[in-house]
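Geometric and topological summary
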Amino acid sequence: VENLNEPLCRLIRRINKNGLASALADGTQAADGDVIVWLDCDLGIPPEDIIKLVEKLDEYDIAVGSRYVRGGMDTRNKFRAFLSYIFNLYARIILGWQFRDWTSGFAAARRQVIKEVPLSPKGFGEYFIDWVFRCNRKNFSIVEVPYRYGLRKGGTSKTDGNLLVFLRLAISYSRRVIAIRFGRD
C-alpha cells in the first residue's frame, strides 16, 4: 500500500494494537469520504459487490451485504454455513426479526452514521452485531443486499480447523447478543 502512490489510499500503521474490531474502528474513524465501506480482505466477500451496496445509499443510510436475503448465499462448507445460520437465527430471536445477517461484516454507510454510531473496538465480530443494533435504535434506514459469501482466497480464519476457538467465539458472541439486547454492554 505504501508503494502504490495513490492519493486516495492511506495506510494506517497500528503499533501495539490488534484485533479485527479495533482495526475497523480505527479505519472507519480515519476515513474522510462521504461513504465508508468495509469488508474482510480475504476475498471470501466479492469486492465487486461493493458497488451494489454503495448504490443503495441513494435510498438508505446503510447497506449491508447479506447471506440470508433472497439471492444471498453462504457457500462455505455446509457445517460452517449451518452454524452461522443457527447463530444468526438466535440473534434474530433475541435482537429482532427485522434484520437477518447479524454477522455479515460487509457494509457501506454514510459518513454521518459512523459519526453518530461508531464501531466498537471490542471483540472480534461482535462489533457488527452491536453496530447494527445501535443503528436500528437510532432509526437509521438499513437495507440488506444479497451476496455470495465464499471460501477465503487468502489468509487463515481464527476458527477454521480449531473447534475450541470456534466455541469460544460462539460463546462470546452469544453473551454479547444478550448484553446488547438487555443494555448490559
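The coordinates are above.
Computed from a predicted structure; not experimentally measured.

We now examine unusual backbone geometry. In this model, Asn5 sits at a positive phi of 55 degrees, which is unusual for a non-glycine residue. You can see Asn5 is positioned in the segment before helix 1 (20-30). Look at Asn139: it is not a glycine, yet its phi comes out positive at around 65 degrees. Mapping Asn139 onto the fold places it in the loop between helix 5 (126-137) and strand 5 (142-146). Classification of Asn139 by relative accessible area gives exposed; the value is 66%.

Moving on, we come to the packing of aromatic side chains. Evaluated as defined, the whole model comprises 9 aromatic pairs. Relative to Phe128, the ring of Tyr127 lies with its centre 5.9 Å away and its plane at 75 degrees, an arrangement referred to as edge-to-face. As far as the burial class goes, Tyr127 and Phe128 line up, both buried. Joined through ring pairs, the aromatic side chains of Trp38, Tyr127, Phe128 and Trp131 make up one cluster. One residue, Arg67, lies across the ring of Tyr149, its end atom 5.5 Å from the ring centre. Across the ring face of Phe182, the terminal group of Arg181 is positioned such that the distance to the ring centre comes to 5.2 Å.

Calculation notes
Residues numbered from 1 in each chain as written. Predicted model: local features only at pLDDT ≥ 70, side-chain atom pairs only at ≥ 80, totals over all residues. Heavy atoms only, no water. Helix = DSSP H or I, 4+ residues; strand = E, 2+ residues; numbered from the N terminus. Buried < 20%, exposed > 50% of the residue type's maximum accessible area, 1.4 Å probe, protein only. Phe/Tyr/Trp six-rings, centres within 6.5 Å; stacked < 30°, edge-to-face > 60°. Lys NZ or Arg CZ within 6 Å of the ring centre and 35° of its normal.

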